[in-house]
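Now for the letters of each chain:
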Amino acid sequence: MAKFRKRLMSVVMVSAMLFSTAACSSQNESGEAEPQDKEVSTEKNKVTFTDISLDVRGNQKPTQAQSDEVNHTLNDTYLEDLYDETIPNDYSAYPYKKDVTLDVWMPANPNIPDMNKQVVQKQVEQLTGIKVNFITPPVGQEADAFTLMISSGELPDIIIDPERYPGGLEAGLNDGAYLDLTDLMKTNAPNYSAWRNSDETRRKTTVTDTGKLLGFYGIAPYSEWTWFGTLIKKEALEKTGLDVPTTIEEWHTFLKKCKEVGYAEPLNYGSSYGQVFTGIINGAYGVWDWTFLDVNGKVAWGPAQPKAKEYLTTMQQWNKEGLLNRDWATADFNQRMASAISDKTAVMMDSPDTMWSYWKQQNDIDFVGALNPVLNKGDQSATTYKNFKRTGTTAAITTQCEDVEAAMAWLDFNYSKKGWEILNYGEYGTVHLIDENGKPYFHEDSYIYKDPDGQPVATTLLKYRMHSWPAIRDEHNSNPLIVAKGSYSGDIRKEWTENMDTSMAMPPITFTQEEASREAELGNQLSTLRGEYFAKIIMGELQVDAYDKFLTEAKKMGLDEFLSIHQAALDRYNQR
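From a predicted model like this one, the values you see are computed outputs, not experimental measurements.

Turning to the nonpolar core, a few remarks are in order. Counting 98 residues, the largest nonpolar core has Leu102, Ile158, Phe216, Ile397, Met408, Trp410 and Trp469 as the members making the most contacts within it. Here this core gets 7 residues from one element, more than from any other, and that element is helix H16 (residues 404–412). Among residues more than four places away in sequence, those in contact with Met408 are Leu181, Leu184, Met185, Asn188, Ala189, Phe216 and Ile397. The next biggest cluster of nonpolar side chains, apart from the first, holds 58 residues, and it includes Leu267, Leu293, Ala370 and Tyr573.

And the structure:
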């Protein structure tokens, strides 16, 4: 990392010189000294627009000229403020004053083989005047490609998903790979700064424990709905004649009845996809997947909780009775979806957005959602999932970035009102229109729903807009799987969110560089130990009493130290 450190010092010196220049005085016509920052502020272009809201709002058939005005200019006068906090619209940096091309590394998406041709990004490039060259490793080789890139010492200007760095962003900073943007944000990222500071949760989850700003985070206008849970084919309820189950006992009765009426493997479970530890069933016993907040607000570890044996006994019995899919220990996503649409499956544990696509849109299978089960009738259903208004992905600027101002301007556009519109809703006209109240929406002939290439919505939501990005994500209103005509996936997610207790959810804590390596080492060991023991017990290869040995080994492995690291990180988070 010596190369990184050397480069970092160089950048710090350049930054220091810039700030020194900004802080020094210049002379006015009278020969009196004036602060440089006053000159900087007056040099910025004040961007004003003609109000075109009467032409755009409610217009279902815009002319080419009207579409061009919306798509090819920064005019945002037709957009309403839809949230409690106003989305900023500082466009003074655009078009960028220099000809620059930024290299941006990002993990590949199998549905978007070439990000350099992605339509939204082409529009961002045109509006900002900043060109971008996306570097995407082959699908499935992202981890190795990232390691090779870091090891080579040759870094792009921007890295998407920079938390891949061993030890996270702070470690990347300390090793000289990433820039500390703290002192640059206010000047070079006015939209991001205004948006993240407009809400306490957004501010708290986008700053390090030491007060540093190391990246641009995806942040939402609200706490997004719970996205994962239990989904039941409507036909299974009709065939069994039973209501949506609520308790573990009712679930057992329902699954047995499903098997009797023909569902050979009624509950689609899957360890490789994470369902064994998603908190849906194990949460009923307080045996949460990983760390959680106990009743005293302290960090606890789910697999070590008192009712773990009860949970394992239940799952071992259900597996023995053939209520689970036989390949639950090995099935990947594609295998699970193939099983989901077969006559074997009655219940999935997944996202209603995903199943809206696979079940309803592609196979006309209706479904309903169920709250996480409880042990006793009347108990409060609960989940450890809670959205802290941080969503999407993160971007960091590297110490080898040749034009930091350009990199920040390119990223900052995503947090402006115009950026919010096109990143969430795509191109005006072909993809979205504006309703009478100034809110974007996907019309019936939108490319989202009627792709000229015949792609399903699960693909077009990535093809014509950005779904997970360092940006403001309007998930509830711009996720096509939620807002599609007839879709009820949003209703299910909303019901889960409003009816499940999330008081035990851990906030997004961060570790120091020293903690990070030890936490990762212990976490990997504990995860492997838990996975092996729990899977073997559920499959009947070990007796439930083997759990006692598991817990003893976990403690010997360093469970208390693991928890103390998390507690220290939580204490720091609470002090931010």
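Now that the structure has been shown, the text picks up again.
Among the 8 residues of strand E13 (residues 390–397), 6 are classified as buried, and the element is accordingly described as predominantly covered. Note: strand E5 (residues 158–160) against E13, 3 bridges, orientation antiparallel. Residue Ile158 lies in a different strand from E13, and its bridge partner there is Ile397. In this structure, strand E6 (residues 216–219) lies alongside E13, joined through 3 bridges in antiparallel fashion. Across the sheet, the residue bridging to Tyr217 is Thr394, located in E13.

Let's shift gears to the sheet that holds E13. In spatial order, the strands read E4-E3-E5-E13-E6; together these 5 strands make up an open sheet with mixed pairing. Among the strands making up the open sheet, the edge pair consists of strand E4 (131–135) and E6. Within this sheet the neighbouring strands show an average axis-to-axis angle of 25 degrees, counted without direction. Judged from the 5 bridges that link them, strand E3 (residues 101–105) and E4 form a sheet pairing that is parallel. Directly across from Thr101, in E4, lies its bridge partner Lys131. With respect to the sheet, helix H6 (residues 142–152) is in contact with E3 and E5, its orientation differing from that of E3 by roughly 125 degrees.

Criteria and thresholds
Residues numbered from 1 in each chain as written. Predicted model: local features only at pLDDT ≥ 70, side-chain atom pairs only at ≥ 80, totals over all residues. Heavy atoms only, no water. Core = buried A, V, L, I, M, F, W, Y, C linked by side-chain atoms within 4.5 Å. Buried < 20%, exposed > 50% of the residue type's maximum accessible area, 1.4 Å probe, protein only. Helix = DSSP H or I, 4+ residues; strand = E, 2+ residues; numbered from the N terminus. Contact = heavy atoms within 4.5 Å. Pairing = 2+ DSSP bridges. Axes fitted to C-alpha atoms, helices over the stretch in contact; angles between N-to-C directions.

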